[in-house]
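Structural overview
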Amino acid sequence: MRLVLTLIMGAMAATTAHATEPWQRSWTIERVICPTCDARALAGINQAVGQRIVLAPERFTNPLYESCEKGVDYSDIKPRPADVAARSMLPGTLPATSDSVLAGAVKCSREGGRPGNTVARVVFDGATGYYLFEEGAIIVLK
C-alpha cells in the first residue's frame, strides 16, 4: 500500500511540475490605454482590439509584432513588485494592480545559443494581462 501511495504521489508531482502556468493561454485584446499616443498611432493599435495573443508553452503568437512559432522563452516572467513592473514600461503607467504581479520579457530563442530576442513585455495581475507596447501603450488582455 505504501509503495502504491508513493508511486501515485510521485506521478502527481511530475504532472504538476509540467503543468502550464495560468497565464499561458490565449488572451483577447480588450482595449488600449495610451495617453501619450497621437491619434494616428492609437487608431492603428486599436485595430487589434478583439484579436488574440497566445502565450502557449511551446509558442507565442502576436498579431501586433513578432511571434515565436518555436523556441519561445518565458524564463524572465516571474513575480515582481508592481511598481518595478510599471517602471520597466515608461512613459506609460500601469493601471491599478496588486502589490505583486507576474512580469517580464517574452523572448524568441536564437540559433547557436545566442541570447533570445525580446518580442514582448507582459504583466499579469490575476485574470488581467497587460502587453506593454510601443509609445507607452498598454494593451489590456482578458
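The model shown is predicted, which means the values in this text are computed figures rather than measured ones.

**Things to note about the overall build of the protein chain**
When helices and strands are counted, the protein chain shows 3 helices and 9 strands. Seen in sequence order, the protein chain has helices and strands lined up from the N terminus as α-β-α-β-β-β-β-α-β-β-β-β. Buried residues in the protein chain amount to 35% of all 142 residues. Put simply, of all contacts in the protein chain between residues at least 6 apart along the chain, 52% involve residues at least 24 apart. Summed over all atoms, the accessible surface of the protein chain reaches about 8500 Å², with 56% contributed by carbon and sulfur.

**Notes on the nonpolar core**
Counting 27 residues, the largest nonpolar core has Leu55, Phe60, Tyr74, Val106 and Ile139 as the members making the most contacts within it. Top element by residues in this core is strand S7 (residues 117–125). It accounts for 4 residues. With residues up to four places along the chain from it excluded, the contact list for Leu55 reads Trp23, Gln24, Arg25, Trp27, Phe60, Tyr74, Val106 and Phe124. Counting 11 residues, the second-largest nonpolar core is a separate cluster that includes Leu94, Val123, Tyr130 and Ile138.

**Some words on the confidence of the model for the protein chain**
Here the protein chain averages 83 in pLDDT, and 83% of its residues register 70 or above. By mean pLDDT, helix H1 (residues 2–18) is the weakest element of the protein chain at 40, and strand S2 (residues 52–55) is the strongest at 97. Here residues 1–18 is a poorly scored stretch, pLDDT under 50, and it has 0 contacts once near neighbours within four places are set aside; other chains count.

**A look at the environment of Leu141**
Its location among the elements puts Leu141 in strand S9 (residues 138–141). Residues Leu141 and Ile53, 88 residues apart in the sequence, show an inter-C-alpha distance of 8.3 Å. Beyond its immediate stretch of four places on either side in the chain, Leu141 contacts Trp27, Thr28, Ile29, Ile53, Ala127, Thr128, Gly129, Tyr130 and Tyr131.

**Examining the pairing of S9**
Every second residue of S9 is oriented toward a common face, with Ile138 and Val140 on one face and Ile139 and Leu141 on the other, all of them buried. Looking at chain direction, strand S8 (residues 128–132) and S9 are connected through 4 bridges and run antiparallel. Looking at S9, one finds that Tyr131 is bridged to Ile139. Remark: 5 residues form the turn of the hairpin made by S8 and S9, two consecutive strands paired antiparallel; Glu135 in that turn has positive phi of roughly 60°.

**With respect to the pattern of salt bridges**
If you walk through the whole model with that rule in mind, you get 2 salt bridges. Between Arg31 and Glu30 there is a salt bridge; the shortest N-O distance is 3.9 Å. The class of Arg31 is partly exposed, set by a relative accessible area of 41%. One salt bridge in this structure joins Arg80 and Asp76, with 3.0 Å as the shortest N-O distance. Judged by relative accessible area, Asp76 falls into the partly exposed class, the value being 24%.

Reading the values: rules and limits
- Residues numbered from 1 in each chain as written.
- Predicted model: local features only at pLDDT ≥ 70, side-chain atom pairs only at ≥ 80, totals over all residues.
- Heavy atoms only, no water.
- Helix = DSSP H or I, 4+ residues; strand = E, 2+ residues; numbered from the N terminus.
- Buried < 20%, exposed > 50% of the residue type's maximum accessible area, 1.4 Å probe, protein only.
- Contact = heavy atoms within 4.5 Å.
- Areas by Shrake-Rupley, 256 points an atom, 1.4 Å probe, with all protein chains shown as cover.
- Core = buried A, V, L, I, M, F, W, Y, C linked by side-chain atoms within 4.5 Å.
- pLDDT = per-residue confidence, 0-100.
- Pairing = 2+ DSSP bridges.
- Salt bridge = Lys/Arg side-chain N within 4 Å of Asp/Glu carboxyl O.

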